[in-house]
Amino acid sequence: MKKLSLLMSHRNLFRLIAASFIVLLPALVYVPPVQADGPPSIPHQFYGNVYNNDVLVGANYTVVAKVGTTQVASATTDSQGRYGYSPLFRVTASSGALIEFYVNGVKAIQTANFSGGSITLLNIYVVNASSPTSATITSSILGQSSSFVLTGGVLQSAATLASANGYVSLGLAASTAVNMQGSTSLTIASQSSPPTAPSGSAVINAYTLTPANVTFSPTATLTLKYNTSSLPSGVAESSLYVATWNGSAWSEVASTLNMTSKTLTVQLSSFATAIGVLGRTSSTTTIAASILGAADSFVLTGGVLANAKTLNSSDSRVKLSFQANTTISMQGTQLGAATESNPSAGTDNSTLVRAYSFTPSGATFSPAAIMTLKYETPVPTGVNESELYIAWWNGSAWEKLTSTVSTSSKEVSASVSHFTVFSIRWAPVPATTTTTTTTTDTTTTTTTTTTDTSQTTQTTTATGTVSTNVMGSSGSFSVSSGAVASATTLNSADGRVSLSLAANTAVNLQGSQQLSVLQLASTPAPPANAKLIEAFACSPDNATFSPALTLTVKYNTASIPAGVNESDLYIALLQGTTWTPLASSVNTQNKTITAQINHFSTYAVLGNVSGSTTTQTTTSSLLLSDFTLAPEVAAPGATVTVSIRVANGGSAEATKNVVLKVNGMNEQQKDVTLSAGKSQVVTFTFNRSAPGSYTVSIDDHSGSLEIKAGSSDASTGFSMPVLAVIIAGGVLVILLMIVLIFRQRSGGY
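Per chain, residue numbering runs from 1 following the sequence as it is written. Reporting of local features is limited, given that this is a predicted model, to residues whose pLDDT is at least 70; pairs of side-chain atoms are given and counted only at 80 or more, and all residues count toward the totals for whole chains, interfaces and linings. As a convention, hydrogens and water are excluded, and side-chain values are obtained from all of the structure's heavy atoms.

Caption draft 1: Representation of the sheet that holds strand β3 (residues 62-67). Whether two strands pair comes down to DSSP finding at least two bridges between them. Per the convention used, a helix needs a DSSP run of H or I reaching at least four residues, while a strand needs a run of E reaching at least two, with both numbered from the N terminus. If you walk across this open sheet you meet the four strands as β4-β3-β7-β8, and the pairing is antiparallel. At either margin of the open sheet sits one strand with a lone partner, and together these are β4 (70-76) and β8 (106-113). For this sheet the average axis-to-axis angle between neighbouring strands, irrespective of direction, equals 25°. As paired strands, strand β7 (residues 98-103) and β8 are joined by five bridges and run antiparallel to one another. Its bridge partner lying in β8, Y102 is registered against K107. For helices, the fitted line uses only the C-alpha atoms of the stretch in contact; every axis is such a line through C-alpha atoms, and the angle between N-to-C directions lies from 0 to 180 degrees.

Here it is as structure tokens:
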């Protein structure tokens, strides 16, 4: 009876095992369900360059991804021959499915297997793909008809469109990308009844530009001719300028006046509603000034200060210096400065030394004035005298300006373009230690990066119209959602300084809506082995640009000090009192020096004295490829590795400054020098503790990093089917062990 009971017990146990197996069977054979209407919802993202016959293509080549005969993604290349940047190139398919790529209908060499959630750099190569379709654009410049051909939206040969009388011409360089906004005709026509000029100005000539918002990259050169005999009474030839009409107001843009050829030249990245040649009238206004009670005055002619003027307080604690030909816009005829007895505290934890209120609030100066404020010693406890700076109150926070400190004369100086409350302040400089990991064929060097984040800077992304002033040349550009709407070049009136921003450059102006570049009269001494040619203050201080903008400075050989060769000139960044050389390129034929800068500060042109050396770099023959980011999903604090291959495709040794950026900000950098035909993989490591999405980039190569709390590298996790099998297997093992135990106790069946 006991055996029968035990047998029944065993039978019940086997029934339990069988039932458990039946319940777990779906998990053992689990296959992710395929949606009835299509592939999985998580796409596989691709991006990279496109090559036709081993040559990088231009814009408007069509890239298509197919699984079998089904098209699963499509995009067109940008002007740099890239796909998958904007818009993203996202493929949806079944797991492991073979993806084939086509360029203008020609099958590419590369294929890939679908992996949902992955982001893959894939450069695509095709042979004998046809060029994008061509379109003929007709033009009418003051009635003079012409035409040009766009191939894939790009002008293959340079073109100049001009009116018959020579008063208007539009120059387009070869390889200019032209977006006609759907139109096939371009027109510039005279306006017989132009909009009313702003106060203090008169309209000389005005023109309607169509289609509105047509864009040019690089910029088009618009030349407008004038006749001195047609200038209104009271308008001096030297006061002429170019302005655009936005539908409600005239806005002055950067232009170059040539009184010999009687022309004004402006760089256009897009068409405005209208454009015109305007001139300032010669009406005079006397402005009374009171600087801490010290009375003075000056005269404006047509809103312009004819001669340089310096206003001082009687105790020399406050000084304002204006250049000749400064345009001053203000309400009323009274200008003053007084001690601010109750300045706002702000939220940046900086220490106040002294504050002043300048009136009228909102008065503007172009070019910017130099403000010099004295301070007394000893300074407050804990304040580093050499780190003092001038800041202005924007209504909610103190905005730091690029400043120069003279500890000998106890003065702090900065360029200011408008009036408000200003103060001398101090905040400790955050300590940053940056190192990199570089891998070559023979050596590997690994270091880490540590950043002191105790000081937090409040920033506001620029939006709308940003006004500019480059060495006295006023202008503006549009920013949408923190990015430059189209490629923009800002030039000084004398052509000595140029700032070039690519389309979609992310701009953060530290809460300001104004950008300025001003030549500095005094700066810290250059290094012992170098001589300073000229220096510029770019404000607002620490405004950032991603990708970096191009700073070009034109030099005069006559101004180069003895002992300095043209080829030894370079651009340097002022950090505290130290000049740091930047990767610079000297063009001795055009007499220019060029460097990439990703933030605003004080910059200078320096030259090495013969026999000395300063690290400089050129990058013309170095190419980047094989960008990798691993992992793409990481836990807070986990190490992230980024690598890229640098190859020298030139015939001589070259050096490149490889810069790793995270969310557009410099993270680490490394100089790489390669002989002709050599390549090297450069590797960086870093981490982030805050959960969120990060864009990681090196030049035009980028990837996305996701920091998730509790996450790990996806390659080490278990998929749902594997996890189900493991659980089911564990349950079966436990049940079998129970059977064996019963058998041992019963001695068998």
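Following the structure, the description resumes.
Caption draft 2: Summary view of the sheet that holds strand β61 (residues 665-674). Judged by pairing direction, the sheet is mixed, and its five strands sit side by side in the order β58-β64-β63-β60-β61 without closing on themselves. Looking along the sheet, the strands with just one partner apiece sit at the ends: β58 (633-634) and β61. The pairing of strand β60 (residues 654-662) with β61 spans nine bridges and is classified as antiparallel. Looking at the pairing, V662 lines up with M665 of β61.

Caption draft 3: Spotlight on the pairing of strand β47 (residues 497-501). Summary of the burial criterion: residues with accessible area below 20% of their type's maximum are buried, those above 50% are exposed, and those between are partly exposed, where the area comes from a 1.4 Å probe applied to protein chains only. With four of its five residues buried, β47 lies for the most part within the structure. When strand β46 (residues 488-491) meets β47, the two strands line up antiparallel, connected through four bridges. Across the sheet, residue L490 finds its bridge partner in β47, namely L499. Remark: five residues form the turn of the hairpin made by β46 and β47, two consecutive strands paired antiparallel; G495 in that turn has positive phi of roughly 75°. The sheet contact formed by β47 and strand β51 (residues 544-554) spans four bridges and is antiparallel. Among the inter-strand pairings, S498 is bridged to a residue of β51, identified as T552.

Caption draft 4: Structural view of the pattern of salt bridges. What makes a salt bridge here is a side-chain nitrogen of Lys or Arg within 4 Å of a carboxyl oxygen of Asp or Glu, nothing more. Tallied over the entire structure, the rule returns 14 salt bridges. Three or more residues joined by partner-sharing salt bridges are found here, namely D494, R496 and E534.

Caption draft 5: Region of the structure containing the packing of aromatic side chains. Only centres within 6.5 Å qualify two rings of Phe, Tyr or Trp (six-membered ring in Trp) as a pair; their planes then separate them into stacked at under 30 degrees, edge-to-face at over 60, and tilted for everything else. Considering all chains together, one arrives at 14 aromatic pairs under this definition. Residues F298 and F322 carry aromatic rings whose centres are separated by 6.2 Å and whose planes lie at 40° to one another, so their mutual orientation is tilted. Of the two residues, F298 is situated in strand β26 (residues 294-301) and F322 in strand β29 (residues 318-322); the sequence distance between them amounts to 24 residues. By relative accessible area, which is 4% here, F298 ends up buried.

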